[in-house]
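Below are the chains, spelled out letter by letter.
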Number of protein chains: 2
Amino acid sequence: MQTIRLSNNEYDFEAYSKSRRQLIEAKLSEYLAASHPDNLWQSMRYSVLSGGKKLRALLCLASAECIIGLDKDIEAFLLLSCAIEMVHAMSLIHDDLPALDNDDYRRGKPTNHKVYGEATALLAGDALLMLAIETIIEKTPSRIERQILLNIIGRFSQAIGATGMIGGQILDLSFTGKLEDIRNNKDKTTDSEAKTIEAIHKGKTGALIKFSVWSGALLAGANEQQLQLLEQFADKLGFAFQIADDLLDSTGNLATLGKTPGKDEAANKVTWVTVFGEKTAREKLQKLEKEGLAILNNDQLANNQIAPLSELLKYAIYRTN
Amino acid sequence: MQTIRLSNNEYDFEAYSKSRRQLIEAKLSEYLAASHPDNLWQSMRYSVLSGGKKLRALLCLASAECIIGLDKDIEAFLLLSCAIEMVHAMSLIHDDLPALDNDDYRRGKPTNHKVYGEATALLAGDALLMLAIETIIEKTPSRIERQILLNIIGRFSQAIGATGMIGGQILDLSFTGKLEDIRNNKDKTTDSEAKTIEAIHKGKTGALIKFSVWSGALLAGANEQQLQLLEQFADKLGFAFQIADDLLDSTGNLATLGKTPGKDEAANKVTWVTVFGEKTAREKLQKLEKEGLAILNNDQLANNQIAPLSELLKYAIYRTN
């Protein structure tokens with residue numbers, strides 16, 4: 001197992017994230033080894049192994065390593081982080097389908113249904129959901145307490161399902177096209193608009209990001225106070241990640257983004273950027289960064305390996321794709 | 001808990017299946033209580049609570065009751081059977097989408113996407129998958145051994161995923177339109193065609209039916225020999241169910257079927273009926289019935305409550321919708 005032995009002070013995030021991404025991708029490639037039916041597995045591999053930031057997987061590992069330290073065996077966390085990436089890939093495949101966002105490009109390549117057809121793409125998404133659950137059950141070392149494993153799978157299902165990511169996607173869809181209403185509605189306070197946007201984000205991207213941080217820490221043996229703090233941290237990071245995403249949609253281009261920009265405004269999507277504008281969005285990001293870092297510097301966490309998490313927060317905010 | 005206390009000899013299948021269906025539907029309604037976002041939950045309820053045979057749930061209960069007897073507490077099996085029905089409903093929702101079978105009617109009502117739109121239907125399917133897993137974890141009594149629960153969830157994921165139901169759907173799609181090739185291909189033996197059809201069916205409908213029978217018996221404490229026999233029985237029943245389905249597609253009408261008939265031939269689907277004809281299909285059904293009943297009459301099972309299972313086998317074959 002490749003590890004990095006550095007104190008928080010002399011910590012190199014580039015090297016850390018690169019080594020972790022390599023481990024994640026190698027494991028994912030192993031879990032998604034070619035199998036029968038060929039075209040289904042090819043379609044699954046296409047979306048899971050197409051590069052990407054692997055932010056959720058990195059968060060899961062960083063959260064675990066925040067608790068156990070940087071030079072430990074990360075096998076158990078690695079497979080959990082891989083399961084999370086399978087689900088993330090599934091959400092992108094389904095989201096890109098013509099019935100939803102109808103996107104042609106993702107990570108600079110044609111979307112899954114453009115390559116494998118809509119039927120296979122849809123079923124590949126379904127299969128990835130199940131493979132994620134199966135992987136956690138089949139691969140988690142037997143030394144992990146069975147009830148903890150069940151807690152993780154239960155919360156995983158909630159984070160993905162109607163009360164989590166999928167619920168957020170539905171909310172997002174139900175507000176799509178209503179941007180002008182919100183902009184023109186003088187009765188609505190800015191506060192209630194902000195709450196609507198936060199509710200959408202909390203589900204759509206927040207739930208899985210929060211699960212990534214929580215599950216890594218739980219499996220690593222974090223105490224209750226640490227878990228609560230890390231969940232609060234994940235809320236800040238998740239919200240910041242989504243606002244940064246919306247900013248990139250507004251200011252980026254296909255070459256750097258790898259997906260079609262300007263779609264939120266064109267689709268009348270309700271986002272922090274389309275409702276409050278870019279300047280307010282950047283201010284909100286600064287606020288979230290400050291709040292997130294403050295949580296990591298709480299006494300309960302400050303003596304742990306918090307550097308990867310704090311760097312991932314900055315990365316979520318300042319990334320260019 | 002409503003129960004039926006009858007010996008196998010004086011056993012009333014109508015009363016049995018009616019009482020069990022009511023219990024299943026009441027529980028499903030409880031697990032799918034209206035929640036937020038409204039339209040997502042409505043869409044989920046629409047397909048799960050739209051009547052239907054509830055064959056998989058009945059099989060799970062009957063398999064459990066084959067082991068524990070007919071007058072026992074079936075709470076733990078009931079929730080498992082509900083989770084199976086959620087997944088079955090999900091498979092119908094996704095299957096009916098324009099990207100797959102493009103069906104307008106199901107159980108005599110407009111299909112999910114015709115009522116709620118494609119985006120919501122697709123996401124409702126995803127959400128049902130997760131709700132099924134969540135329900136098993138949240139609702140199973142704590143007296144059930146945790147490792148057994150994990151085994152059940154792991155095998156459930158396999159039965160649904162790329163190696164089970166979804167894999168079968170992909171196989172089905174890949175052979176759709178190739179009916180003429182198979183009919184005209186003189187080099188191919190009848191045997192290899194039969195194997196192709198069996199492989200499709202084993203995944204598409206067989207995997208979830210087999211899981212239903214296996215999981216009910218496992219949770220009920222069946223021994224290894226009983227589990228193996230019940231799995232063999234489920235294979236016969238699953239295959240017979242699908243051939244009966246294909247016969248109904250060929251001979252039924254919208255009023256009795258509740259869905260559009262004649263679609264297999266029109267879509268050039270490879271089924272036992274389209275390849276070998278109705279007569280051979282009926283002969284195959286008789287053979288499967290005989291084999292299935294013989295398994296139940298094995299010494300390891302014959303003294304158990306096998307009547308519900310044997311009646312369900314006949315029902316799977318002789319039903320009219």
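The text that follows walks through the structure, step by step, so that each part is easy to find. (Residues numbered from 1 in each chain as written. Chains lettered and ligands numbered in written order. Predicted model: local features only at pLDDT ≥ 70, side-chain atom pairs only at ≥ 80, totals over all residues. Heavy atoms only, no water.)

Summing up its helical and strand segments, chain A has 16 helices and 2 strands in all. Against the 2.2 N^0.38 benchmark of 20 Å for 321 residues, chain A shows a C-alpha radius of gyration of 19 Å, consistent with a compact globule. Taking the principal axes of its C-alpha atoms as reference, chain A extends roughly 55 × 50 × 35 Å. Each of the 321 residues in chain A was classed as buried or not, and the buried ones make up 58%. (Helix = DSSP H or I, 4+ residues; strand = E, 2+ residues; numbered from the N terminus. Rg over C-alpha atoms; globule rule 2.2 N^0.38 Å. Buried < 20%, exposed > 50% of the residue type's maximum accessible area, 1.4 Å probe, protein only.)

This paragraph deals with the relation of the copies chain B and chain A. Laying chain B over chain A is done by rotating through 180 degrees and shifting 0.0 Å along the axis; what remains is an RMSD of 0.0 Å. Both chain copies can therefore be described as sitting about a two-fold axis. Within chain B, B:Arg146 has its C-alpha nearest the rotation axis, a separation of 3.0 Å. Mapped onto chain A, 100% of the interface residues of chain B are again interface residues, and the two copies thus contact each other with one and the same surface. (Least-squares fit on C-alpha atoms with pLDDT ≥ 70 in both. Contact = heavy atoms within 4.5 Å.)

Turning next to the interface of chain B and chain A. The interface is formed by 41 residues belonging to chain B together with 41 residues belonging to chain A. Together, the buried faces of chain B and chain A total about 3700 Å²; carbon and sulfur atoms form 78% of this surface. It is B:Met130, B:Leu150 and B:Ile170 that lose the most area in chain B upon contact with chain A, and together they represent 18% of the buried surface on that side. Our enumeration of links across chain B and chain A arrives at 0 salt bridges. For the pair chain B and chain A, the number of links is 6 residue pairs in polar contact (both at pLDDT 80 or more). No other element matches the 13 residues that helix H6 (residues 118-139) of chain B contributes to the side of chain B that touches chain A. For the side of chain B that touches chain A, the residue count by class is 25 nonpolar, 11 polar and 5 charged. (Buried area = accessible area lost by both parts, 1.4 Å probe. Salt bridge = Lys/Arg side-chain N within 4 Å of Asp/Glu carboxyl O. Polar contact = N/O pair within 3.5 Å; in protein donor to acceptor, adjacent residues only side chain to side chain. Nonpolar A, V, L, I, M, F, W, Y, C, P; charged D, E, K, R; others polar.)

Where helix H8 (residues 165-175) of chain A meets H6(B), the closest approach of the two axes is 10 Å, and the angle between their N-to-C directions is 165 degrees. Viewed along their axes, H8(A) and H6(B) adopt a mutual orientation that is roughly antiparallel. Between H8(A) and H6(B) lies a crossing whose hand is left-handed. Where H8(A) abuts H6(B), its residues A:Ile166, A:Gln169, A:Ile170 and A:Leu173 lie against B:Ala119, B:Thr120, B:Leu123, B:Asp126 and B:Ala127. Class assignment of the residues belonging to the contact of H8(A) with H6(B) gives a composition of 6 nonpolar, 2 polar and 1 charged. (Axes fitted to C-alpha atoms, helices over the stretch in contact; angles between N-to-C directions. Parallel < 35°, antiparallel > 145°, perpendicular 65-115°, else oblique. Left-handed = near helix turned anticlockwise from the far one by under 90°.)

The next thing to look at is the packing of aromatic side chains. Applying the stated criterion across every chain, the model contains 12 aromatic pairs over all chains. Where B:Phe211 meets B:Trp214, the ring centres are 6.0 Å apart and the plane angle is 45 degrees; that geometry is what we call tilted. Note that B:Phe211 and B:Trp214 are positioned in helix H10 (residues 190-219) at a spacing of 3 residues, about one turn of the helix. Residue classification places B:Phe211 among the buried positions, given a relative accessible area of 1%. Joined through ring pairs, the aromatic side chains of A:Phe156, A:Phe211 and A:Trp214 make up one cluster. Residue placement shows A:Lys178 over the ring face of A:Phe175; its charged tip is 5.9 Å from the ring centre. (Phe/Tyr/Trp six-rings, centres within 6.5 Å; stacked < 30°, edge-to-face > 60°. Lys NZ or Arg CZ within 6 Å of the ring centre and 35° of its normal.)

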